[in-house]
Amino acid sequence: MAKLNDILSPFTAWKHVVREPVTIKDPLNREAADRYRGFHKNDISECIGCGTCESICQNAAIDLVPVDGVETKDGDSGLRPRVDYGRCCWCGLCVDVCTTNSLSLSNEYTWVDEDPDNFRFVPGAENKSWDSREKGYKKPGNGYELYNPKREAMEELEPEKRDQSFIEIVQGYSKEQAEQEADRCVECGICVATCPAHMGIPEYIKAIRNDDLNEGLRVLYDTNPLPEICGRICTHKCETVCSVGHHGDPLSIRWLKRYIADQNPAEEYKKILNTENLQPTGKKVAIIGSGPSGLSAAHYLALMGYQCTIYEKLPAAGGMMRFGIPEYRLPYDQLDKDINYILSLGVEIKYNVTIGKDITLEELHNQYDAVFSGTGLHMGRSTRVPGTDHPKVYQAVDLLRDIVLGKEIPLEENIVVIGGGNVAMDITRSLARLQKQKYGKVGVLATSLESEDIMPADREEVIEAREENAVIDPGWGPVEIETEGDKVKGLHVVKCLSVFDENRRFAPKFDEEQKKFFPADMVVESIGQGMDLSYLPEAFKEQLDMDQRGRILVNDDFQTSAGWLFAGGDIIQGPDVIHGIANGHKAAMGIDKYLSEK
Amino acid sequence: MSKKLLKWNEDRTLFPEKNSEGKIDVDYDSHKFMKIWHGPQHPGITGNMSLELTLLGDEVMDCETHVGYLHRGFEKLMERRKYIQCFPIVCRVAVPEPDFNEYCFASAMEELAGIEVPEAAEWLRTLVLEMSRLQSFLAWMGGQAGSLGQGIIGQWTIYLRDLILDRFEELTGGRIYHMYMLPGGVRGLLPDGFRQRMTENLDEIDRFMKDVKKVMFDNAVFKKRTVGMGVIDPAWIHPFGITGPNARAAGVAKDVRKDNPYLKYPELDFEPVVGKDSDIYTRADVRRRDLLMTVDLIRQIMAKIPDKGDIRAKTPNVLHWKVPAGETYSRAECTRGEYGYYMVSDGTEYPRRINVRGPSYTHAVALLEKMIVNANIADVAGLMVSLHTYPPEIER
Ligand SMILES: Cc1cc2nc3c(=O)[nH]c(=O)nc-3n(C[C@H](O)[C@H](O)[C@H](O)COP(=O)(O)OP(=O)(O)OC[C@H]3O[C@@H](n4cnc5c(N)ncnc54)[C@H](O)[C@@H]3O)c2cc1C
Ligand code: SF4
Ligand code: SF4
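Bear in mind that the values here come from a model prediction, so they are computed numbers and not experimental data.

> Can you explain the overall build of chain A? Please cite residues and give values.
A tally of helices and strands in chain A yields 21 helices and 21 strands. Taken over C-alpha atoms, the radius of gyration comes to 31 Å for chain A, far larger than the 25 Å a tight globule of 598 residues would show. Classification of the 598 residues of chain A by burial places 54% in the buried group. Across chain A, every contact between residues at least 6 apart in sequence was considered, and the portion connecting residues at least 24 apart equals 72%. Split by element, the accessible area of chain A, about 27,500 Å² in all, is 48% carbon and sulfur.

> Requested: an account of the overall build of chain B, with residues and values cited.
Along the backbone of chain B there are 14 helices and 8 strands. A compact globule built from 396 residues should have a C-alpha radius of gyration of about 21 Å, and chain B, at 22 Å, falls within 12% of that. Judged by the C-alpha coordinates and their principal axes, chain B covers about 70 × 50 × 35 Å. Long-range contacts, defined here as pairs at least 24 residues apart, represent 72% of the contacts in chain B between residues at least 6 apart. Summed over its atoms, the accessible surface of chain B is roughly 14,600 Å², and 51% of this surface lies on carbon and sulfur atoms. Taken together, the 52 basic and 56 acidic charged side chains of chain B have centroids lying 1 Å from each other.

> Please give an account of helix α17 (residues 396-405) of chain A that cites residues and values.
Residues and elements named next belong to chain A. Along α17, the residues that are buried comprise A396, V397, L399, L400 and D402. Residues of α17 that are buried sit in contact with α14 (320-323), β11 (377-380), β12 (393-395), α18 (422-439), β19 (522-525) and β20 (529-531). At the exit of α17 stands G406, carrying a positive phi of roughly 80 degrees.

> Provide a residue-level description of the sheet that holds strand β21 (residues 565-567) of chain A, including the pertinent values.
All names here are of chain A. Strand order in the open sheet made by the 5 strands is β9-β8-β7-β10-β21, with parallel pairing throughout. This sheet does not close on itself; its edge strands, each paired only once, are β9 (348-350) and β21. Strand-to-strand, the axes of this sheet are offset by a mean angle of 20 degrees, without reference to chain direction.

> Could you give an account of the side chain of N42 of chain A, naming the residues involved and the relevant values?
Residues and elements named next belong to chain A. Within the fold, N42 resides in strand β1 (residues 40-42). Take N42: its relative accessible area is 9%, and that puts it in the buried class. Within the structure, the side chain of N42 is placed 2.8 Å from the side chain of S102, a separation counted as a polar contact. Aside from chain neighbours lying at most four places away, what touches N42 is C47, P81, S102, L103, P123 and G124.

> Account for the domain arrangement of chain A, with residues named and values stated.
Residue and element names in this part refer to chain A. Once the domains are mapped, chain A shows domain 1 (28-137), domain 2 (159-271), domain 3 (279-378 + 530-597) and domain 4 (382-527). Computed from C-alpha atoms alone, the centre-to-centre distance between domain 1 and domain 2 is 33 Å. Contact residues are listed per partner, giving 11 residues for domain 1 and 8 residues for domain 2. Between domain 1 and domain 2 the total buried area reaches about 800 Å² when both faces are included, carbon and sulfur atoms providing 63% of it.

> Before we move on, could you go through the UniProt feature "domain: NADH-quinone oxidoreductase subunit D" (unreviewed entry) in chain B and cite the residues and values that matter?
Per the UniProt record, "domain: NADH-quinone oxidoreductase subunit D" (unreviewed entry) is found at residues 155-396 of chain B. Split by type, residues 155-396 of chain B is 45% helix and 12% strand. Its first and last C-alpha atoms lie 30 Å apart.

> Kindly report on the interface of chain A and chain B, identifying the contributing residues and their values.
In this complex, chain A contributes 48 residues to the contact, which on the side of chain B involves 47 residues. Each partner contributes to the roughly 3,700 Å² buried at the junction of chain A and chain B, and carbon and sulfur atoms together form 51% of this total. Taken as a group, R35, R37 and Q58 of chain A account for 19% of the area that chain A buries against chain B, more than any other trio of residues on that side. At the boundary of chain A with chain B, the tally comes to 6 salt bridges. A salt bridge links R30 of chain A to E169 of chain B; its shortest N-O distance comes to 3.0 Å.

> Which residues make up a negative patch on the surface, and what are the values?
A surface patch of like charges, here negative, comprises E21, D25, D27 and D29 of chain B. Relative to the helices and strands, D25 of chain B resides in the segment before β1 (33-38).

> Before we move on, could you go through a nonpolar patch on the surface and cite the residues and values that matter?
All names here are of chain A. Judged by side-chain polarity, L4, I7, L8, F11, W14, V17 and V18 come together as a nonpolar surface patch covering roughly 820 Å² of accessible area. Summarising the element assignment, V18 is placed in the loop between α1 (4-8) and β1. On the basis of relative accessibility, which here comes to 74%, the residue V18 falls in the exposed class.

> Can you explain the site of ligand 1? Please cite residues and give values.
All names here are of chain A. Looking at ligand 1, there are 35 residues lining it, with I233, S293, E312, R329 and D570 nearest. I233 is positioned with one of its backbone polar atoms (N or O) 2.6 Å from a nitrogen atom of ligand 1. One of the backbone N or O atoms of P575 is found 3.2 Å from an oxygen atom in ligand 1. Expressed as a share of its isolated accessible area of 990 Å², the protein-covered part of ligand 1 is 96%. Per-class residue counts for the shell around ligand 1 are 15 nonpolar, 14 polar and 6 charged. Looking at the shell around ligand 1, you find at least three residues from each of domain 3 (279-378 + 530-597) and domain 4 (382-527).

> Hey, could you go over the nonpolar core for me, with residue numbers and the actual values?
Residues F105 and L127 of chain B are the most contacted members of the largest nonpolar core, which totals 202 residues. Broken down by element, this core gets its largest block of residues, 14 residues, from helix α4 (residues 119-147) of chain B. The contact partners of L127 of chain B, leaving out residues within four places of it in the chain, are L171, L190, F194, I298, I301, M302 and I305 of chain B. Of all hydrophobic cores here, the second largest spans 28 residues; its members include L400, I409, M425 and V462 of chain A.

Rules of the game
Every chain is numbered on its own, with residues counted from 1 as its sequence reads. Each chain is given a letter, starting from A, and each ligand a number, starting from 1, according to the order in which they appear as written. Local features in a predicted model are, by the rule used here, given only for residues with pLDDT of at least 70; side-chain atom pairs are given and counted only at 80 or more, and totals for whole chains, interfaces and linings are based on all residues. To get the side-chain values, all heavy atoms of the structure are used, and hydrogens and water are removed first. Secondary structure elements follow DSSP: runs of H or I of four or more residues count as helices, runs of E of two or more count as strands, with numbering from the N terminus. Here the globule rule reads 2.2 Å times residues to the power 0.38, and the radius of gyration is calculated from C-alpha atoms. Per-residue accessibility, obtained with a 1.4 Å probe over protein chains only, is compared with the maximum for each type, and a residue is labelled buried under 20%, exposed over 50%, and partly exposed between these values. In what follows, residue pairs with any heavy atoms lying within 4.5 Å of each other are defined as contacts. Residue exposure ignores everything except the shown protein chains as possible cover, and the areas themselves are Shrake-Rupley values with a 1.4 Å probe. Residues scored as positive are Lys and Arg, those scored as negative are Asp and Glu, and His as well as the terminal groups of each chain are ignored. The atoms used to mark charge sites are NZ of Lys, CZ of Arg, CG of Asp and CD of Glu. Each pair of strands is called paired provided DSSP finds at least two bridges between the two strands. Interaxial angles span 0 to 180 degrees and are taken between N-to-C directions of axes, which are lines fitted to C-alpha atoms, for helices over the stretch in contact. Pairs of N or O atoms within 3.5 Å make up the polar contacts considered here, provided that, within protein, one atom can donate a hydrogen while the other can accept it, and that residues adjacent in sequence are counted only when both atoms are side-chain atoms. Throughout, the edges of the domains are those of an automatic or database domain assignment. Accessible area that two parts lose when put together, evaluated with a 1.4 Å probe and summed over both, is termed the buried area. UniProt positions are given in the numbering used here, feature names are shortened, and annotations may be inferred rather than shown by experiment. Take a side-chain nitrogen of Lys or Arg and a carboxyl oxygen of Asp or Glu: if they are within 4 Å of each other, that pair is a salt bridge. Candidates for patches are residues over 30% relative accessible area with no salt bridge; among them, like charges are joined within 9 Å and nonpolar side chains (Val, Leu, Ile, Met, Phe, Trp, Tyr) within 5 Å. Near is defined per residue: the residue qualifies when any heavy atom it owns lies within 4 Å of the molecule or strand. All amino acids are sorted into three groups, where Ala, Val, Leu, Ile, Met, Phe, Trp, Tyr, Cys and Pro are nonpolar, Asp, Glu, Lys and Arg are charged, and the leftover types, Gly among them, are polar. What we call a nonpolar core is a set of buried Ala, Val, Leu, Ile, Met, Phe, Trp, Tyr and Cys residues that are connected through their side-chain atoms within 4.5 Å.

In structure tokens:
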């Protein structure tokens, strides 16, 4: 028998008859929670089209597509994500991984449309009612990162340990550090387009993660035959566009490259790169200058079987990489490692031969099937202010070259350097080291037209120069170098108010009232370099296509109008090693095309 | 009242004798037998699976369970997905309790990779797992009552469940698929005012559960249909791998939260809920008390959860996270018992093998087939719901 209670108790339910109903009257207009993951929003002016959202989406709901009004440029693919709501599962991983934080989800969850194709749209580019909604899901804070935004710190020699020697400052990554750093890459490849040589950056970074450094080396040599060098001193434009840098530190792409090169022993290069048996074509190419453009051309031509001979004015190879860049940034043994490998492919160098003096261009033309010229910029420019013709006023590039050649250079206790670029920093820091060695103290000051915020030198160069006790006092225009007989007294300057006009043209403005005097026993000018094309005979020059400023014109293959003469590096494009490498590579392909068609 | 399997008709002379294999010889030509399909579309079937029943009169003579209607190939799919890409997949393995998938997947990965999850994230995970249990018990409660003819309980408990889904929505950004516990941590701290709203919801649940007790449990009809019915013999617990309330109602105090403590459970005060009689009624009552204990646990957790702190550990870049080679099994106590992920990594960016242990596999297939024989057709749904099974976790 059931208990009475069990019969009566269920009637309790009746008391709920008089309760307020709990249902929502208008469910279609119920606003979702603040964090609700609804339809996408994208700030397309922030988005760079890196496609990281696309690669994390396991539903393949995101495609990157061209969008009106968005242009492809450095650091921006010009594409924007399009979301397909037939596939999206609203996980929001795309939001979490978005490198620019441009992507978010609104808290809107209803969207009624009769055309099924409309459920695919480009957030931010196609207006939607929820674009203006503040609420919705955004990438969480509180230590929530799907990849590490912080760069692996690089060990560097402390100022006290480096200020009197030319020992390399940057110590390089250990295996563990390199792998940690490589792990941060999101493999978007946005850097590849910006790198002048279009190096396979994500691929070689991946090789580090896979600890397959032989593969890494192969990827490097596809586009760059000077990886030890570039791994140290490249201007690394790639890093300025690295998508990880939008909300964190960019990948240290340059140092990862160095890590790969450092870890591969020189003796094994030929085996790893499969260059032990190159098939000769029987054709010969002459190369003028052993700078990066000449070396790169020689390397890729040698791979294609051309017999290359480099003619070099100086007693050692490398151009400005050896005779400009100081040893503390680029040690000679590393420079030689790259160069010797190229020579091992059968490339020959004739040192101490100046084309136009010891051999004429005409002679080269007659003896070789094609000629590549990469003679660089080696003539220092002068400010031409009164006093610059004094014998104690020097050019930075001349001094740097003489230091490398082991010549005794003039070294006073008080030196003023005019210039605010990287070359100026190189000479300033080199002189500071030599002064410290000779006098036990540093007495060098560098000044530039540009104020501190717009100084062209890299920030770390300025910081490190100061750490080494050089004085950097930017924002002054040189007026006159005061001299007395065979002595220099110093440099008179006035305040520089601005360097460029509204059209970004060089038109410095000064405040003549604000004056300063920098006492010095010698002055070094470092305001830029010019080219010396005197090896081109006048008659030949007249036939050659050149612009008004006397620069040789070339086509996409870096071929001049003379057909047999190709040119690259600083005399064509510049201003750095990687452009020289890219030019040399393209010229090598151009020469191959030219000679195969001939 | 003697304990029995759901044996309806006491007069066994009406029924054919079993053969040496313990089965009866079915001769359809005799027109005594009938074969019917219970499911896959049947409101009394939990989820999409079907029972192929052989009936004699209204008594079940034989049953074969059929699954496969929901097979989505998740385990195989995950072998072709990077680990992070499995994260939005796993919650779909068991729709009504997605969070156990998220937790077991994440913690298996964390164990293989040697990653320690921040304190705040551990608490938040504990909270979410208990919230998940709570809403799942509430849904089940409606199902159990409904399968035995009581519509009203479902209306109440689904309302209560919706309150918890509201809290899920504001904490995780999703109502059903929360995608909140990802490898390394969680995706957000408690929102402002969350505690207050949660406390109100828990009070409301307490209030309603008193009426649920009166209307559903102190109910002559419900008792008549469940007391002494569908008994699980304690001797089956081990061989059948029975866990959770199905085991506890038989007096076996199995609870992963105690037996194999994880997250913040060691800092919470609770004892596994056990029963004695192992029939449908006892299982329902164990779940009711378990539900109330979960309400209490949530209150305890809310008092301890930090408002600040990191929510995710530093991990390798998820886009190419190579989990160190090895294997592990990670488990947690869901409403149905032991939920687990067996994970094998070969050291690449992709899992080599992931195997999901959903308790429904044993409960809804082997155990059900055994228990259902001799049940009355009208009790099949009630019996099945009393095992609390979710077919999606059978078919991964
Ligand atoms: C001080 C300094 C620091 C720099 N730092 C960096 C840096 O950190 N990173 C970077 O990327 N770039 C740097 N650069 C720029 C970089 O060095 C040059 O852009 C690059 O070397 C140019 O390469 P190139 O192939 O045009 O020729 P160069 O390197 O200039 O080499 C030209 C070669 O041709 C030889 N040559 C010239 N005329 C003749 C002739 N008639 N006959 C035979 N041989 C001849 C020269 O002796 C020289 O060896 C720096 C430059 C300087 C001056
Ligand atoms: S990850 Fe972000 S920045 Fe990159 S394409 Fe997607 S939305 Fe744009
Ligand atoms: S290095 Fe930076 S820009 Fe290049 S692929 Fe990696 S994340 Fe993208």
